[in-house]
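Structural overview
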Amino acid sequence: MHISRSFPPDGTGGADGSDRWTTLVGRLRDEADTLVASFVSRVRVIPPYGRGVVPTERLETDADLTFEYLLRRLGGHPVPARLAGIGPSIGRDRARRGVPLNDLLTAVRLDFRVLWEALRERAAPTDEPMLVARVEDVWAVVEEYTAQIQVSYQAEAALLARDRQGERAMLVAALLSTEDPDPDEVAHVALALGVAVDDDLLVAAAGPAAGRALSRAADRLGADGVPRTCSPPGGTAC
């Protein structure tokens, strides 16, 4: 997703308020520490962030880079290479930390609230028409940034899920090939599958030629809420 917006690259065109807009955006860039502090205090209300899933130092660094990126976009300034990848980087990091996507998107959209409140606090009463005219631009830039983060999060989450499925499959295969498995090995497999050590398991096996049919049967069980793991993934024991 890409939204193309035309922002004035400099302070020219004062009749339409662009001089004043450039001044306001410049003030926010000079006071980035205030924006970061406001964002971090607000994001801690969101459960995973409140539990410290993302360390404060990482939050502050990402927020600082995020506001620099957003304010450059709003001010019509070039975005250097060191900032171009900050959105995708945040998406991948939060996926690896297990932050739920909805919580991540809620956090990212706090950027709009922080920016907008900061702009209003620094604006003069005569700036009101200009702010009304610019609100859509601010929202569009934040939403474009949010989309970058969401896409990278979903791609990383898919890779992680595939890796976890492969790991579970190997653990189950090792367990099934042992007549008297070690209790620690059983506990490891149970943890990987998200089941209790003494839970009952249903194991189905088929020859290589029937692997696809077996996988489809496992999918149907999964649709009914039954956890499934196949070894090899998509293979001949489920």
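Residues numbered from 1 in each chain as written. Predicted model: local features only at pLDDT ≥ 70, side-chain atom pairs only at ≥ 80, totals over all residues. Heavy atoms only, no water.

Attention now moves to the overall build of the protein. Looking only at helices and strands, the protein features 10 helices and 0 strands. Walking the protein from its N terminus toward its C terminus, one meets helices and strands in the order α-α-α-α-α-α-α-α-α-α. Counting all 238 residues of the protein, 38% fall into the buried class. Per element, the accessible surface of the protein, about 13,000 Å² overall, is 55% carbon and sulfur. (Helix = DSSP H or I, 4+ residues; strand = E, 2+ residues; numbered from the N terminus. Buried < 20%, exposed > 50% of the residue type's maximum accessible area, 1.4 Å probe, protein only. Areas by Shrake-Rupley, 256 points an atom, 1.4 Å probe, with all protein chains shown as cover.)

Residues Glu179, Asp180, Asp182 and Asp184 make up a contiguous surface patch of negative charge. By secondary structure assignment, the location of Asp180 is in the loop between helix H8 (128-176) and helix H9 (183-193). Judged by relative accessible area, Asp180 falls into the exposed class, the value being 68%. (Patch = residues over 30% accessible without salt bridge, like charges linked within 9 Å, V, L, I, M, F, W, Y side chains within 5 Å. Salt bridge = Lys/Arg side-chain N within 4 Å of Asp/Glu carboxyl O. Lys, Arg positive; Asp, Glu negative; His and termini not counted. Charge placed at Lys NZ, Arg CZ, Asp CG, Glu CD.)

Attention now moves to the nonpolar core. Core analysis: the biggest nonpolar cluster contains 44 residues, and Tyr49, Leu104 and Leu115 have the highest contact counts within it. The set of elements that each furnish at least two residues to this core consists of helix H1 (18-30), helix H2 (32-43), helix H4 (56-75), helix H6 (86-97), helix H7 (101-122) and H8. When residues in this core are grouped by element, the largest group, 12 residues, is from H7. The residues contacting Tyr49, other than those within four sequence positions of it, are Val43, Arg44, Val54, Leu59, Arg94, Val99, Asp103, Leu104 and Ala107. (Core = buried A, V, L, I, M, F, W, Y, C linked by side-chain atoms within 4.5 Å. Contact = heavy atoms within 4.5 Å.)

Once that is clear, we can look at empty space enclosed by the protein. Considering all chains together, one arrives at 1 cavity of 30 Å³ or more under this definition. Each pocket or cavity is described by its volume, and for the largest cavity that value is around 130 Å³. Lining the largest cavity are 14 residues, and of these Phe39, Thr66, Ile90, Arg94 and Val108 sit closest to its centre. Elements supplying a minimum of two residues to the lining of the largest cavity: H4, H6, H7 and H8. Here the residues of the lining of the largest cavity sort into 10 nonpolar, 1 polar and 3 charged. (1 Å grid on protein atoms, 1.4 Å probe; cavity = no way out; pocket = protein on both sides within 12 Å on 5 of 7 lines; lining within 4 Å. Points joined across faces, edges and corners; volume = space filled by probe spheres on them. Nonpolar A, V, L, I, M, F, W, Y, C, P; charged D, E, K, R; others polar.)

Below, the discussion takes up H2. For H2, spanning 12 residues, the distance from its first C-alpha to its last is 16 Å, which sits close to the expected 16 Å at 1.5 Å a residue. Where H2 is concerned, the buried positions are Ala32, Leu35, Val36, Phe39, Val40 and Val43. Buried positions in H2, seen along its axis, are confined to an arc of 125° and lie on one side of it. Buried residues along H2 sit in contact with H1, helix H3 (47-50), H4 and H7. (Expected span 1.5 Å × (residues − 1). Arc of directions from axis to C-beta.)

All right, on to the pattern of salt bridges then. Applying the stated rule across the entire model yields 17 salt bridges. The closest approach of N and O atoms between Arg42 and Glu117, which form a salt bridge, is 2.5 Å. Placement of the pair is Arg42 in helix H2 and Glu117 in helix H7, with a sequence separation of 75 residues. Residue classification places Arg42 among the partly exposed residues on the basis of a relative accessible area of 25%. Judged by relative accessible area, Glu117 falls into the partly exposed class, the value being 32%. Each of Arg58, Asp62, Asp93, Arg94 and Arg97 takes part in a single network of salt bridges with overlapping partners.

For H1, built from 13 residues, the straight-helix expectation of 18 Å at 1.5 Å per residue is met to within 8% by its first-to-last C-alpha distance of 18 Å. Among the residues making up H1, those that are buried are Ser18, Trp21, Leu24, Val25 and Leu28. Each buried residue of H1 lies within a common arc of 125° when the element is viewed along its axis, so the set occupies one face.

Considering the arrangement of structural elements, one finds Asp127 in the loop between H7 and H8. The buried category is assigned to Asp127, whose relative accessible area is 6%. Not counting chain neighbours up to four residues away, the residues in contact with Asp127 comprise Arg20 and Leu24.

Residue-level pLDDT values for the protein average 83, and 75% of them are 70 or greater. Predicted confidence for residues 1-15 stays below pLDDT 50, and this span has 29 contacts to residues more than four positions away or in other chains. (pLDDT = per-residue confidence, 0-100.)

Our next topic: the side chain of Asp62. With respect to the element layout, Asp62 can be found in helix H4. Reaching out from Asp62, the side chain makes a polar contact with the side chain of Arg94 at a distance of 2.9 Å. When neighbours within four sequence positions are excluded, Asp62 is seen to be in contact with Ile86, Ile90 and Arg94. (Polar contact = N/O pair within 3.5 Å; in protein donor to acceptor, adjacent residues only side chain to side chain.)

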